Amino acid sequence: MLVLPLGLEVETLFLFNNPRNITSISSSSIDLVGSWDISECINLTSFASNSNEITSVSARNCLNLESISVSNSERESIDVFGCTNLNQMTVNGNLLTHLDVSGTALTYLSVMDNTNLEYIVANGIDGSGGKATLLLNNCGLTAQALNTFMSSLGVNESSKNLLSITGNPGEKKSNIS
C-alpha cells in the first residue's frame, strides 16, 4: 500500500521500483496537483485520492481495481476503461462533464455534486443486473441523459429504491419516478 503523508506537495508522482506490485494507493487531503496515470499498477485493487487538486486520473486497464474514490477535488476526467472488476466508484464533488463506466462490474456508483456532468455512459455493466446503488444527486443531467443512462443499466421498478437523482435539471421530466 502506498500512503502519502499529510502536507506533502507533489506535482508529479513517480512510482519507482515496480508499480505492478502496488495493490492500494491512498492520497487524500494532500496538496497534489496535475494528472495521475496509475494504469501501470496492474495489481491495484483500491485507489483513494480525495480533497486535492488532481485534475485527471487514468486507471485504464487496471483489471484488479475494485474500488476508486476520487471526490471533492478539481477532477475533470476519470478513465476507468478496461477496469472489469471495478464494483465501487465514488466521484462526488468534481468538475466532470462526462463519465464512462462501461464494461465495469459496478454495484455502487456515487456521482453527487458534479454540477457540470452532462452524461454518463454505462454500456456492458456486469454488476448486479440493475441492483446497484446509484447516487446521482445534484448533477447537470438532463431527462434524456438520465433516461439513456438508466436504460443502459436495465434499471427497472424493483431497483428504484436504490436510485437517487434529486437536484438534476431532468429529474422531473425523466422516465424515472
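It should be noted that the structure appears before, not after, this text.
As the structure is a prediction and not an experimental result, all values here were calculated from the model.

J.: Would you mind going over helix H1 (residues 143-153) with me for this structure?
T.: In an α-helix, one full turn covers 3.6 residues, which means residues spaced three or four apart are oriented alike. Where H1 is concerned, the buried positions are Ala 143, Ala 145, Leu 146, Asn 147, Phe 149, Met 150 and Leu 153. Summarising the contacts, the buried residues of H1 are in contact with strand E11 (108-110), strand E12 (119-121), strand E13 (133-135) and strand E14 (163-164).

J.: I keep staring at the nonpolar core and nothing clicks. Help me out?
T.: Membership of the largest hydrophobic core comes to 42 residues, with the highest contact counts inside it found for Phe 47, Ile 68 and Met 89. For this core, the elements supplying multiple residues, two or more each, are strand E4 (31-37), strand E6 (53-58) and H1. It is H1 that provides the largest number of residues to this core, a total of five residues.

J.: Explain the pairing of E6 to me, please; I cannot follow it from the model alone.
T.: On any regular strand, side chains alternate: one points to one face of the sheet, the next to the other face. Summarising the sheet, E4 and E6 pair through five bridges and their orientation is parallel. Bridge pairing links Asp 37 to Ser 58 in E6. When E6 meets strand E8 (residues 77-79), the two strands line up parallel, connected through three bridges. The partner of Ser 58 across the bridge, within E8, is Asp 79.

J.: Any chance you could explain the environment of Asn 61 here in plain terms?
T.: Among the secondary structure elements, Asn 61 is positioned in the loop between E6 and strand E7 (67-69). Separated by 19 residues in the primary sequence, Asn 61 and Ile 42 place their C-alpha atoms 7.5 Å from one another. Setting aside chain neighbours within four positions, we find Asn 61 in contact with Phe 81, Gly 82 and Cys 83.

J.: I would appreciate a short explanation of a negative patch on the surface in the present structure.
T.: A cluster of acidic side chains, namely Asp 31, Glu 53, Glu 74 and Glu 76, defines a negative patch on the protein surface. By the element assignment, Asp 31 lies in strand E4. Owing to a relative accessible area of 46%, Asp 31 belongs among the partly exposed residues under this scheme.

J.: Could you clarify how one ought to interpret the pattern of salt bridges in this entry?
T.: It is possible for side chains of opposite charge to pair when their charged atoms get near one another. A complete count under the given rule lists one salt bridge for this structure. Salt-bridge contacts for Arg 60 lead to Asp 79; the nearest nitrogen and oxygen are separated by 2.8 Å. Of this pair, Arg 60 sits in the loop between E6 and E7 while Asp 79 is found in strand E8, placing the two residues 19 residues apart along the sequence. When its relative accessible area of 36% is taken as the criterion, Arg 60 is described as partly exposed. Among the residues examined, Asp 79 registers a relative accessible area of 22% and is labelled partly exposed.

J.: What is the right way to read the side chain of Ser 56 from this model?
T.: Looking at the element boundaries, Ser 56 is found in strand E6. Side-chain polar atoms of Ser 56 contact the side chain of Ser 35, separated by 2.9 Å. Those residues in contact with Ser 56 that lie beyond four places of it in its chain are Gly 34, Ser 35, Trp 36 and Ser 77.

J.: Where do I start with the side chain of Asn 52 in this structure?
T.: Structurally, Asn 52 can be placed in the loop between strand E5 (46-48) and E6. Classification of Asn 52 as buried rests on a relative accessible area of 6%. Of the polar contacts made by the side chain of Asn 52, one reaches the side chain of Arg 75; its length is 3.1 Å.

Definitions and cut-offs
- Residues numbered from 1 in each chain as written.
- Predicted model: local features only at pLDDT ≥ 70, side-chain atom pairs only at ≥ 80, totals over all residues.
- Heavy atoms only, no water.
- Buried < 20%, exposed > 50% of the residue type's maximum accessible area, 1.4 Å probe, protein only.
- Helix = DSSP H or I, 4+ residues; strand = E, 2+ residues; numbered from the N terminus.
- Contact = heavy atoms within 4.5 Å.
- Core = buried A, V, L, I, M, F, W, Y, C linked by side-chain atoms within 4.5 Å.
- Pairing = 2+ DSSP bridges.
- Patch = residues over 30% accessible without salt bridge, like charges linked within 9 Å, V, L, I, M, F, W, Y side chains within 5 Å.
- Areas by Shrake-Rupley, 256 points an atom, 1.4 Å probe, with all protein chains shown as cover.
- Salt bridge = Lys/Arg side-chain N within 4 Å of Asp/Glu carboxyl O.
- Lys, Arg positive; Asp, Glu negative; His and termini not counted.
- Charge placed at Lys NZ, Arg CZ, Asp CG, Glu CD.
- Polar contact = N/O pair within 3.5 Å; in protein donor to acceptor, adjacent residues only side chain to side chain.

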